[in-house]
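The chain contents come next:
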Amino acid sequence: MVKNTRRWLDQMVVGLNLCPFSSSVITRDQVRYAICDATTDADLKQFFVDELQHLLGANENDVATSLLMFTQGVEDFDDYLDLLEWFQQLLEKAELIEHVQLASFHPQYQFEGVAVDDLSHFTNRSPYPTIHLLRQEQMTKVLAHVSDPEKIYLDNIKSLNDLGRRQVEALCPWGK
């Protein structure tokens with residue numbers, strides 16, 4: 001699972017520069033890869049709380065960010081979105097949104113209101129249902145050097161369209 005996720009990061013995220021901030025933390029081995037085998041709501045929630053505590057308790061030079069990968073229970077994209085929403089609500093209730101933000105990835109990721117066959121979905125397609133815990137302070141720092149953060153997403157879509165469906169699907173076969 002971690003091996004496939006690292007390959008996705010190398011080929012798609014870093015390789016296509018979908019996230020211009022990821023290369024440095026990956027190169028410095030500052031990404032925590034956490035695998036969740038839980039199936040019950042209570043166990044899923046406990047996993048999330050444990051990983052939040054781990055991230056916030058770690059030195060950011062050791063663990064800059066965490067990828068939470070789910071082996072079962074959220075293969076359906078709607079179920080995944082429900083879990084993501086619960087995690088977001090937990091962050092809000094615990095008043096942690098000023099410290100942590102969530103980014104979401106799923107093999108069948110689909111942006112609302114966008115055609116099903118649009119290549120833009122591949123910007124958030126990963127080999128496994130994955131929730132990315134990002135330190136808000138780090139994001140604020142890196143985005144301070146970006147004049148137009150929205151342009152990153154638009155550039156990503158252009159890159160995928162320039163590559164074409166066949167090449168994108170070859171890089172991301174789970175997302176077909």
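Every value quoted in this text rests on a predicted model; they were computed, and no experiment measured them.

Thresholds applied
Residue numbers run consecutively from 1 along every chain, following the written order of its sequence. Residues qualify for local features only when their pLDDT is at least 70, as the model is predicted, and side-chain atom pairs are given and counted only at 80 or more; totals for whole chains, interfaces and linings, by contrast, use all residues. Side-chain measures here rest on the full set of heavy atoms in the structure, leaving out hydrogens and waters. Buried residues of nine kinds, namely Ala, Val, Leu, Ile, Met, Phe, Trp, Tyr and Cys, make up a nonpolar core once their side-chain atoms join them within 4.5 Å. Three labels apply to residues, based on accessible area from a 1.4 Å probe with only protein chains included: buried if under 20% of the type maximum, exposed if over 50%, partly exposed otherwise in between. By definition, any uninterrupted DSSP run of H or I lasting at least four residues is a helix, any uninterrupted run of E lasting at least two residues is a strand, and each is numbered from the N terminus. In this description, contact between two residues means that some pair of their heavy atoms is separated by no more than 4.5 Å. Whether two strands pair depends on DSSP finding at least two bridges between them. For a crossover, the right-handed case is the one in which the path from the first strand over the helix to the second runs clockwise, viewed with the strands pointing away from the viewer. We place a 1 Å grid over just the protein atoms. Points where a 1.4 Å probe fits but has no way out form a cavity, open points with protein on both sides within 12 Å along at least 5 of 7 lines form a pocket, and any residue with an atom within 4 Å of a point lines it. Grid points are joined across faces, edges and corners, and a volume is the space filled by probe spheres set on the points. By the convention adopted, Pro, Cys, Tyr, Trp, Phe, Met, Ile, Leu, Val and Ala count as nonpolar, Lys, Arg, Asp and Glu as charged, and the other residues, Gly among them, as polar. To estimate the expected span of a helix, count its residues, drop one, and scale the result by 1.5 Å.

Engineer: Requested: an account of the nonpolar core, with residues and values cited.
Structural biologist: Membership of the largest hydrophobic core comes to 26 residues, with the highest contact counts inside it found for F48, L52, F70, L102, I131 and L133. Sorting elements by how many residues they give to this core places helix α4 (residues 77-93) first, with 7 residues. Leaving out residues up to four positions away in the same chain, F48 has contacts with L68, W86, F87, L90, L91, L102 and L133.

Engineer: Tell me about the pairing of strand β2 (residues 65-70), residues and numbers included.
Structural biologist: Across the 6 residues that make up β2, a large majority, 6, are buried. Here β2 shows a buried face lined by T65, L67 and M69 and a second buried face lined by S66, L68 and F70. Pairing of strand β1 (residues 31-36) with β2, which is carried by 6 bridges, proceeds in the parallel orientation. Among the inter-strand pairings, R32 is bridged to a residue of β2, identified as S66. Assessed by its sense of winding, the connection that carries the chain from β1 through helix α3 (residues 41-57) to β2 is right-handed. Strand direction decides the pairing type here: β2 and strand β4 (residues 130-135), joined by 5 bridges, are antiparallel. Along β4, the bridge assignment pairs L68 with I131.

Engineer: Residue-level account of the layout of surface pockets, with values.
Structural biologist: Of the volumes computed, that of the largest pocket is approximately 1,000 Å³. Forming the walls of the largest pocket are 39 residues, and the residues nearest its centre are C19, F21, H132, L134 and M139. Counting only elements with at least two residues in the lining of the largest pocket, the list comes to α1 (2-14), α2 (22-27), β2, β3 (100-105), β4, α5 (136-143) and α6 (149-163). The element best represented in the lining of the largest pocket is α5, accounting for 5 residues. Residues belonging to the lining of the largest pocket are distributed by class as follows: 24 nonpolar, 11 polar and 4 charged.

Engineer: Any details on unusual backbone geometry? Residues and values, ideally.
Structural biologist: Phi angles above zero are rare outside glycine, and N17 is one such case at about 55°. Along the chain, N17 falls in the loop between α1 and α2.

Engineer: I'd like to hear about the environment of V100, residue by residue, with values.
Structural biologist: Mapped onto the fold, V100 is located in strand β3. A sequence separation of 34 residues divides V100 from L134, and the C-alpha atoms of the two residues are 5.5 Å apart. Among residues more than four places away in sequence, those in contact with V100 are L52, L55, L56, L91, L133, L134 and Q136.

Engineer: If you had to explain α6 to someone new, which residues and values would you point to?
Structural biologist: With 15 residues, α6 ought to run about 21 Å at 1.5 Å a step, and its terminal C-alpha atoms sit 22 Å apart, in line with that. For α6, the elements touching its buried residues are α1 and α7 (165-171). Within two residues after α6, G164 carries a phi angle of roughly 90°, on the positive side.

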